[in-house]
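# Understanding the architecture of this molecule
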Amino acid sequence: MTRIVITGASGQYGRMATDKLIAKGFADDLILITRTPAKLEDRKAQGCDVRYGDFDKPETLADAVRGAEKMLLISGTRVGARVPQHKAAIDAAAANGVKHIFYTSFVNVDKNNPAIVTIDHRETENLIKKSGCAWTFLRDAHYADAMILNAGPGFIASGTWLTSTNGGREAMVWREDCVDCAVAALTQDGHENKAYPITGPNSENFEEIAAMLSEVSGKEVKLVETDDEGMYAHFDVLGIPREPVDDQTVAGIPWNSDDMVSFERSIREGCLDICTDDVEKLTGRKARSVRELIDANAAFLKQVAKDSPHKA
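Residues numbered from 1 in each chain as written. Predicted model: local features only at pLDDT ≥ 70, side-chain atom pairs only at ≥ 80, totals over all residues. Heavy atoms only, no water.

### Overview of the packing of aromatic side chains
Taken as a whole, this structure holds four aromatic pairs when the rule is applied. Considering the side-chain rings of phenylalanine 155 and tryptophan 161, the 4.3 Å spacing of their centres and the 10 degrees angle between planes classify their relative orientation as stacked. Of the two residues, phenylalanine 155 and tryptophan 161, neither departs from the other in class, the shared state being buried. Put simply, the rings of Phe155, Trp161 and Phe206 touch in pairs and so form one group of aromatic residues. Over the aromatic face of tryptophan 135 sits the side chain of lysine 129, whose NZ or CZ is 5.0 Å from the ring centroid. (Phe/Tyr/Trp six-rings, centres within 6.5 Å; stacked < 30°, edge-to-face > 60°. Buried < 20%, exposed > 50% of the residue type's maximum accessible area, 1.4 Å probe, protein only. Lys NZ or Arg CZ within 6 Å of the ring centre and 35° of its normal.)

Here's what the structure looks like:
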């Protein structure tokens, strides 16, 4: 049986992918790489091979990937550090028998897309193509989970959603739908040297999504348009650095406002207005919508509104 190595296996995406692969009977075929093996003790009991590996210590990766034929390379989270990290993993894979790399990329990596995040993904895709391995690029759209469940409570509590997208549209996707696509591609034949834009079923703007949040939470979320400088000022107040700072996180995430403001510009300029049926092509079921995510978390969002000091 083909062995699959998963990088970042203790992260949110990695854990979900591992759960789904185990449920399909692949536990004995999984090699899980993590900087903190203690976090994956439960996986050993499930039959997985847990190995230490650190993107920032390339010398640890050869042994970590050895024996695998496929790699699920889950993108790192440190903007600006991803390319050398990913290169270390790609080089180790190519030198130690991995035949096919599946990479969690981004929905539009074209050089004309102003979103800074595209630079890391575009360069990583190029490195994989040059590696000699077969490749599959899972180009995930903006996670609906991040906007609705991470940012949404702040919008509801304050009653205000500040944006510079100016009506631009995108087709946000459930993280779990992205994981399901990766699991499908890893366990099916015929995905060599193909790229899949993984999106939600509807292209929507933030005004439409704010209206959904308002309706379901019972508290008005007012969309307020500003410009890029207004967004920078907003993030400055939140204590988010403009450029990446090593080992600095805000609410556990290594945010930087250059990244987020460029993302808003990308939406504004139409670079993320991409809507496909690739979730259905890969999994056999339709992608779930932003509205379905909001409805599925209605109790949580209503509680946020109820606890808010700024009442409707």
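Read on for the rest.
### Description of the side chain of threonine 18
Here threonine 18 shows up in helix α1 (residues 12–23). A polar contact is formed between the side chain of threonine 18 and the backbone oxygen of glycine 14, at a distance of 2.7 Å. For threonine 18, the contacting residues outside a window of four places in its chain are Ile6, Leu30, Leu32, Arg43 and Cys48. (Helix = DSSP H or I, 4+ residues; strand = E, 2+ residues; numbered from the N terminus. Polar contact = N/O pair within 3.5 Å; in protein donor to acceptor, adjacent residues only side chain to side chain. Contact = heavy atoms within 4.5 Å.)

### Points about the pattern of salt bridges
Applying the stated criterion across every chain, the model contains 24 salt bridges. The closest approach of N and O atoms between lysine 44 and glutamate 41, which form a salt bridge, is 3.3 Å. On the criterion of helical spacing, the pair formed by lysine 44 and glutamate 41 is a turn pair, its members being three residues apart in helix α2 (residues 41–45). In this structure glutamate 41 comes out as partly exposed when scored by relative accessible area, which is 44%. For the salt bridge of aspartate 180 with arginine 285, the shortest nitrogen-to-oxygen distance reads 2.7 Å. Residue aspartate 180 is located in helix α7 (residues 175–187), and its partner arginine 285 is located in the loop between α11 (278–283) and α12 (290–296); the two are separated by 105 residues in the primary sequence. (Salt bridge = Lys/Arg side-chain N within 4 Å of Asp/Glu carboxyl O.)

### So, the environment of methionine 71
With respect to the secondary-structure elements, methionine 71 resides in strand β4 (residues 70–73). Given the relative accessible area of 0%, methionine 71 is considered buried. C-alpha of methionine 71 to C-alpha of isoleucine 209: the two residues are 138 residues apart in sequence and 36 Å apart in space. The residues contacting methionine 71, other than those within four sequence positions of it, are Val5, Thr7, Val65, Ala89, Ala93, Val98, His100, Ile101 and Phe102.

### Topic: empty space enclosed by the protein
Under the definition given, this model contains one cavity of 30 Å³ or more. Within this model, the largest cavity holds a volume of roughly 40 Å³. In this structure, the largest cavity is lined by Val107, Ala141, His142, Glu170, Ala171, Met172, Thr199, Leu272 and Ile274. (1 Å grid on protein atoms, 1.4 Å probe; cavity = no way out; pocket = protein on both sides within 12 Å on 5 of 7 lines; lining within 4 Å. Points joined across faces, edges and corners; volume = space filled by probe spheres on them.)

### Looking at the sheet that holds strand β9 (residues 194–198)
Pairing between the strands of a sheet is mediated by backbone hydrogen bonds and can be parallel or antiparallel. Judged by pairing direction, the sheet is parallel, and its seven strands sit side by side in the order β3-β2-β1-β4-β5-β6-β9 without closing on themselves. Whereas interior strands pair on both sides, the edge strands pair on one side only; in this sheet they are β3 (49–52) and β9. Averaged over all neighbouring strand pairs, the angle between strand axes comes to 20 degrees, with direction disregarded. By the bridge criterion, three bridges tie strand β1 (residues 4–6) to strand β2 (residues 30–34) in an arrangement that is parallel. From the neighbouring strand, isoleucine 4 faces β2, where its bridge partner is leucine 30. Strand contacts of helix α5 (residues 117–130): β4, β5 (100–106) and β6 (134–140), with the helix running at about 165 degrees to β5, the strand carrying the most contacts. (Pairing = 2+ DSSP bridges. Axes fitted to C-alpha atoms, helices over the stretch in contact; angles between N-to-C directions.)

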